[in-house]
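# Topology and contacts: notes
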Amino acid sequence: MRQLVSAVLLTVTAALMTGCSSGGGAGDELSAGPVTLRFSWWGADDRHKRTQQVIELFQQKHPNITVRGEFKDWNSYWDSLATTVAANDAPDVIQMDELYLASYAQRGALLDLNTQKTHLKTGDFDPKALATGALDGQQYGLPVGLGSYAMVANTDLLAKYGIPLPDDSTWSWEDLKRVGEQVSKAAGGSVWGVQSPGFSDAGGLHIWARQAGGKLFDDTGKVAIPPEVLTRYFGYLLDLSRSAAPPPSVTIEKAGGTLAQTAVATNATAFGFCWNTQLTTLSAASGQKLKLLKLPGEAQAHAAYYKPSMFWSVSARSQHPAEAALLLDFLANDPDAAKIMLTDRGVPANTKIRAAIDGSLKPTDKAAADYLTQLTVTDPPRVTPNGASTVETILKRHAEDVLFARVTPEAAAKAFIAELQADVDAAK
């Protein structure tokens, strides 16, 4: 899907760059007459219902503004968005993902939200959270919800096999491997210790690079992870597969399903990697007690960062940028809207809103929110460069090659860097 989106985006570059401006309408002035905004998002039925309720509430407070919702599932959303943007018919307000923010922003398709400070207030956002939606000094996305990469432990399984919960304030990657081996040995093959990272997202790779003092992408968008750091990452995956993680075939099968079909969710492993906001889904699928832990290595080198669940963006061609900004302000800052949405789009990035809904959260959602307060959060990675939305697909393929001994970790590292850099270069 991401390759398809990248291909579509490449074909619309000329259309986006021709005649784009910072806004098609009245700048930061609100219209006196009736206005219609189009608002697009992806998600499941529950999100659609909640969002429609928020829209109705917004329209009650702003009776001259009509908001028309346009929603799809993830798989069709991006193809549709690329097509409408190329046809100069983009929605006014766009639910945007980090992987594609730079692709649209650098082609002139998104409004710099700094131009709408009259109507969009961001004073209750952590600067490190706002930075996740900024590129070259311009704010192209307002973070909706925040997450951070985490370890999740099945405390019921650990208790069953008599294995103490590790101390996440001190543990290392070797400690994770060691306790994973203990679980695998105690379970006799019915349960494994650790769900292998490296297959469903690049969160673990970002953390690994940052703990080593590096980064996946530099400030110019070039692939910057040192080959030796990536070699050690692939080598660690291989070591886990030999004693602490499921066999490669099982790992790949579990990673190919939904979140509820992963090794942790199906109680096939005692430890796994996830975004903290996925705890509720994992717990419901598992039916057992799960606990979020800080990642190994954080005690030795802080690398945790805020990952936006998604962004609110505004089309650069919107004829009503001020009204669009007003809607973003309502979505981000209104307590009544927050009480409807709760954590459907993640733990709110707005710190005051997060506190306002705390008492309404499920225990697992509250645990996800509390996890953020326990972390030492550093500056976020650079926004995924234009062309690099293929990173997770490339990572998965090379990780598989390593696990099945088709290539060495060193060869996989060199090939990964070259392939990802080629995709970034091709998108320029």
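Use the structure listed above.
With that settled, consider the packing of helix 17 (residues 391-403) against helix 18 (residues 409-426). In a pair of packed helices, the angle between the axes and the distance between the axes together describe the arrangement. Where helix 17 meets helix 18, the axes come as close as 10 Å, and the angle between the chain directions of the two elements is 160 degrees. With respect to helix 18, the axis of helix 17 lies roughly antiparallel. Pair helix 17 / helix 18 crosses with right-handed handedness. Contacts between helix 17 and helix 18 involve Val391, Ile394, Leu395, Arg397, His398 and Val402 on the former and, on the latter, Pro409, Ala412, Ala415, Phe416, Glu419, Leu420 and Asp423. Its residues assigned to classes, the contact of helix 17 with helix 18 comprises 9 nonpolar, 1 polar and 3 charged.

Now for the pattern of salt bridges. Applying the stated criterion across every chain, the model contains 17 salt bridges. Close ionic contact of Lys61 with Asp336 constitutes a salt bridge, the shortest N to O distance being 3.7 Å. Taken together, the residues Lys61 in helix 3 (residues 45-61) and Asp336 in helix 14 (residues 335-341) connect sequence positions 275 residues apart. Take Lys61: its relative accessible area is 42%, and that puts it in the partly exposed class. Take Asp336: its relative accessible area is 38%, and that puts it in the partly exposed class.

Turning next to the sheet that holds strand 7 (residues 149-154). Strands in a sheet are paired, the pairing made by backbone hydrogen bonds, and the direction either parallel or antiparallel. Here we have 4 strands laid out as an open sheet, ordered 8-9-7-10, and mixed in their pairing. Two strands close off the open sheet at either side, each with one partner strand: strand 8 (192-194) and strand 10 (290-293). Across this sheet, the average inter-strand angle for adjacent strands is 30 degrees, counted without regard to direction. Sheet topology places strand 7 next to strand 10; 4 bridges connect them, and they run antiparallel.

Cut-off values and rules
Residues numbered from 1 in each chain as written. Predicted model: local features only at pLDDT ≥ 70, side-chain atom pairs only at ≥ 80, totals over all residues. Heavy atoms only, no water. Axes fitted to C-alpha atoms, helices over the stretch in contact; angles between N-to-C directions. Helix = DSSP H or I, 4+ residues; strand = E, 2+ residues; numbered from the N terminus. Parallel < 35°, antiparallel > 145°, perpendicular 65-115°, else oblique. Left-handed = near helix turned anticlockwise from the far one by under 90°. Contact = heavy atoms within 4.5 Å. Nonpolar A, V, L, I, M, F, W, Y, C, P; charged D, E, K, R; others polar. Salt bridge = Lys/Arg side-chain N within 4 Å of Asp/Glu carboxyl O. Buried < 20%, exposed > 50% of the residue type's maximum accessible area, 1.4 Å probe, protein only. Pairing = 2+ DSSP bridges.

Scope: geometric values only; no functional claims are made or implied.
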